[in-house]
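Here are the chains, one letter per residue:
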Amino acid sequence: MQIKRPILCYITADNLCPVEQSEKALEGGARMIQLRNKGASGSDLYDWAVRIRKLCRIHEAIFIVNDRLDVALTANADGVHLGQRDLPAHLARTLLGKEKILGISVSSLAEAEIAVRAGCDYVGLGHIYPTFSKQKTGRPLGTACITEVSQNLSVPVIAIGGITASNAGDVIRAGATGIAVISTVAEAPDPRKATSDLIQNMRSCLQ
Amino acid sequence: MTKRTLPRLYMVSNSLERPYPAKELPELVRQLTAQLPVIVQLREKHLDARTLYELTLYLQSLMHDSDSLLFLNERLDITLAAGADGTHFPEKSCPIEKIRTVAPGMLLGKSTHSLQSALSAEEEGADYLIFGPIFDTPLKRRYGSPMGLEKLEKVSRNVSIPVFAIGGITPENTRQCMDHGAYGIAALSIFHVTTNLAVTLENFKNALDQ
């Protein structure tokens with residue numbers, strides 16, 4: 001499965017049903033879903049993963065599990081997304097095999113280059129703008145960092161952190177292949193529309 | 001990987017409730033596995049995957065020359081990445097047969113709290129079961145009242161895979177569990193509260209060997 005520009009990756013929010021959230025985001029045009037819920041049991045994650053995987057097949061979207069490579073393997077997800085404190089990327093690549101997608105969270109070009117050498121298929125670069133979705137420390141990277149990383153990297157850069165309909169275009173213009181969002185969609189009164197608005201804004205700056 | 005004979009003593013870790021987790025657990029594992037073969041299950045849900053992976057490698061190095069086995073709770077990805085021996089699953093988990101397709105040679109066990117779930121776990125292909133709580137224990141009260149020895153016997157008779165009794169197990173009541181069909185016993189608190197670990201282990205060993 002290819003990560004096509006401009007892609008919107010929806011990351012599930014902890015406080016809502018991940019399956020319902022994913023369905024709305026997919027209906028709005030998301031072509032990548034990342035199941036993320038740090039507090040959930042393995043059993044719940046597995047059940048959600050099986051259901052979201054089916055939805056993603058229907059919508060021809062990529063399905064990724066955050067951190068839990070065990071869940072990604074048993075539920076036959078398309079891949080896994082790992083942070084810097086998760087399993088080492090090169091081991092994840094070995095366990096996943098060549099075909100599955102491996103994404104790594106990075107916050108600098110140096111981290112991104114290490115992730116690529118370890119065999120990742122895309123990097124999640126952030127946070128770009130201030131965000132409260134995941135208690136982030138450190139200053140936002142800004143769009144200049146997107147340009148720096150995407151120009152020096154052979155894999156797609158998916159930008160994350162504080163991305164809204166008003167700045168999604170800037171992120172793509174800076175060189176990102178796509179965006180990853182949680183709250184901009186999860187907390188919107190109409191998550192489908194919030195998703196399609198974001199995609200519209202990304203597309204309009206590519207035309 | 002060929003399945004080795006499972007040790008009869010099983011230690012479940014839970015360092016979160018200990019004052020010095022980073023120091024206590026490796027020292028405990030070192031002492032346990034130096035004295036007799038033990039299954040050590042790492043159950044450290046508060047740790048991130050990288051820390052858990054590194055801890056697994058460290059414990060493996062301490063257990064290197066023993067016949068002990070190292071299992072992880074639920075995280076079969078970390079078991080695979082570290083080359084540990086097995087993975088243990090809670091009663092409610094992804095089906096064992098599904099896990100088997102991902103990790104064909106791995107030892108897979110399951111916690112069970114009823115005869116019904118013990119039978120299902122065996123049918124799904126579990127290599128062993130942990131059944132309990134047998135006796136009253138503060139840590140396991142959330143699983144309901146103790147099952148007692150009769151239920152242990154019923155489960156042990158109805159499945160053909162090893163059953164480890166858990167919940168309030170001491171060297172003194174270990175023989176009763178064995179007489180009621182248990183293959184071995186699993187414990188946690190006793191290894192921490194004992195004032196003389198070597199003697200406690202010797203007493204366990206005697207009770208298990210009788």
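Placed above this text is the structure.
Residues numbered from 1 in each chain as written. Chains lettered and ligands numbered in written order. Predicted model: local features only at pLDDT ≥ 70, side-chain atom pairs only at ≥ 80, totals over all residues. Heavy atoms only, no water.

Some words on empty space enclosed by the protein
Move 1: The full count for this structure, using the stated rule, is two cavities of 30 Å³ or more.
Move 2: Here the largest cavity defines a volume of roughly 80 Å³.
Move 3: Forming the walls of the largest cavity are 13 residues, and the residues nearest its centre are Gly42, Asp70 and Val71 of chain A together with Phe89 and Cys94 of chain B.
Move 4: Broken down by secondary-structure element, the contributors of at least two residues to the lining of the largest cavity are helix H2 (42–58) and helix H3 (69–74) of chain A.
Move 5: Classifying every residue of the lining of the largest cavity gives six nonpolar, four polar and three charged. (1 Å grid on protein atoms, 1.4 Å probe; cavity = no way out; pocket = protein on both sides within 12 Å on 5 of 7 lines; lining within 4 Å. Points joined across faces, edges and corners; volume = space filled by probe spheres on them. Helix = DSSP H or I, 4+ residues; strand = E, 2+ residues; numbered from the N terminus. Nonpolar A, V, L, I, M, F, W, Y, C, P; charged D, E, K, R; others polar.)

Observations concerning the packing of aromatic side chains
Each aromatic ring pair is characterised by the separation of its centres together with the angle its planes make.
Residue and element names in this part refer to chain B.
Move 1: Within the structure shown, the criterion is met by seven aromatic pairs over all chains.
Move 2: Here the aromatic rings of Tyr10 and Phe71 are separated by 6.2 Å at their centres, their planes lie at 80 degrees, and the arrangement is edge-to-face. Residue Tyr10 is found in strand S1 (residues 9–12), and its partner Phe71 is found in strand S3 (residues 69–73); the two are separated by 61 residues along the sequence. Accessibility classification places Tyr10 together with Phe71 in one group, the buried group.
Move 3: When the centroid spacing of 5.8 Å and the interplanar angle of 45 degrees are considered together, the rings of Phe191 and Phe204 count as tilted. Here Phe191 is found in helix H8 (residues 189–193), whereas its partner Phe204 is found in helix H9 (residues 197–209), with 13 residues between them in sequence. Both residues of the pair, Phe191 and Phe204, count as buried.
Move 4: Through a chain of ring-to-ring contacts, the aromatic side chains of Tyr10, Phe71, Tyr128, Phe164 and Tyr183 assemble into a single cluster.
Move 5: Across the ring face of Tyr183, the terminal group of Arg8 is positioned such that the distance to the ring centre comes to 4.2 Å. (Phe/Tyr/Trp six-rings, centres within 6.5 Å; stacked < 30°, edge-to-face > 60°. Buried < 20%, exposed > 50% of the residue type's maximum accessible area, 1.4 Å probe, protein only. Lys NZ or Arg CZ within 6 Å of the ring centre and 35° of its normal.)

A few points about H2 of chain A
Move 1: In this model, H2 of chain A (17 residues) spans 24 Å end to end at C-alpha, consistent with the 24 Å of a helix rising 1.5 Å per residue.
Move 2: Along H2 of chain A, the positions that sit buried rather than exposed are Gly42, Ser43, Leu45, Tyr46, Trp48, Ala49, Ile52, Leu55 and Cys56 of chain A.
Move 3: Where the residues of H2 of chain A are buried, they touch helix H1 (18–28), strand S2 (32–35), strand S3 (62–66) and H3 of chain A together with helix H4 (96–102) of chain B.
Move 4: Positive backbone phi, at 50 degrees, marks Glu60 of chain A, one or two positions downstream of H2 of chain A. (Expected span 1.5 Å × (residues − 1). Contact = heavy atoms within 4.5 Å.)

A short note on the interface of chain B and chain A
Move 1: Residue-level contacts link 20 residues of chain B with 19 residues of chain A.
Move 2: Roughly 1700 Å² of surface becomes buried between chain B and chain A when both sides are summed, with 59% attributable to carbon and sulfur atoms.
Move 3: Considering only the surface of chain B that becomes buried against chain A, Arg50, Arg75 and Asp77 of chain B emerge as the three largest contributors, covering 33% of it.
Move 4: Note that Arg75 of chain B is salt-bridged to Asp67 of chain A, the shortest N-O span being 3.4 Å.
Move 5: On inspection of chain B and its partner chain A, the count reaches ten residue pairs in polar contact (both at pLDDT 80 or more).
Move 6: Taken together, the residues of the side of chain B that touches chain A sort by class into ten nonpolar, two polar and eight charged. (Buried area = accessible area lost by both parts, 1.4 Å probe. Salt bridge = Lys/Arg side-chain N within 4 Å of Asp/Glu carboxyl O. Polar contact = N/O pair within 3.5 Å; in protein donor to acceptor, adjacent residues only side chain to side chain.)

A short note on the layout of surface pockets
All names here are of chain A.
Move 1: The space that makes up the second largest pocket amounts to roughly 260 Å³.
Move 2: Lining the second largest pocket are 14 residues, and of these Gln2, Lys4, Ile7, Arg31 and Glu60 lie nearest its centre.
Move 3: Mapped by element, the contributors of at least two residues to the lining of the second largest pocket are strand S1 (7–11) and helix H9 (191–204).

Describing the nonpolar core
Move 1: Ranked by size, the top nonpolar core spans 136 residues in total, and within it Tyr10 of chain A together with Phe191 of chain B carry the most contacts.
Move 2: Broken down by element, the residue count for this core peaks at seven residues, all from H2 of chain A.
Move 3: Every residue in contact with Tyr10 of chain A, bar those within four places of it in the chain, is listed here: Gln21, Ser22, Ala25, Ala30, Met32, Ile33, Gln34, Val181, Ile182, Val185 and Ala186 of chain A. (Core = buried A, V, L, I, M, F, W, Y, C linked by side-chain atoms within 4.5 Å.)

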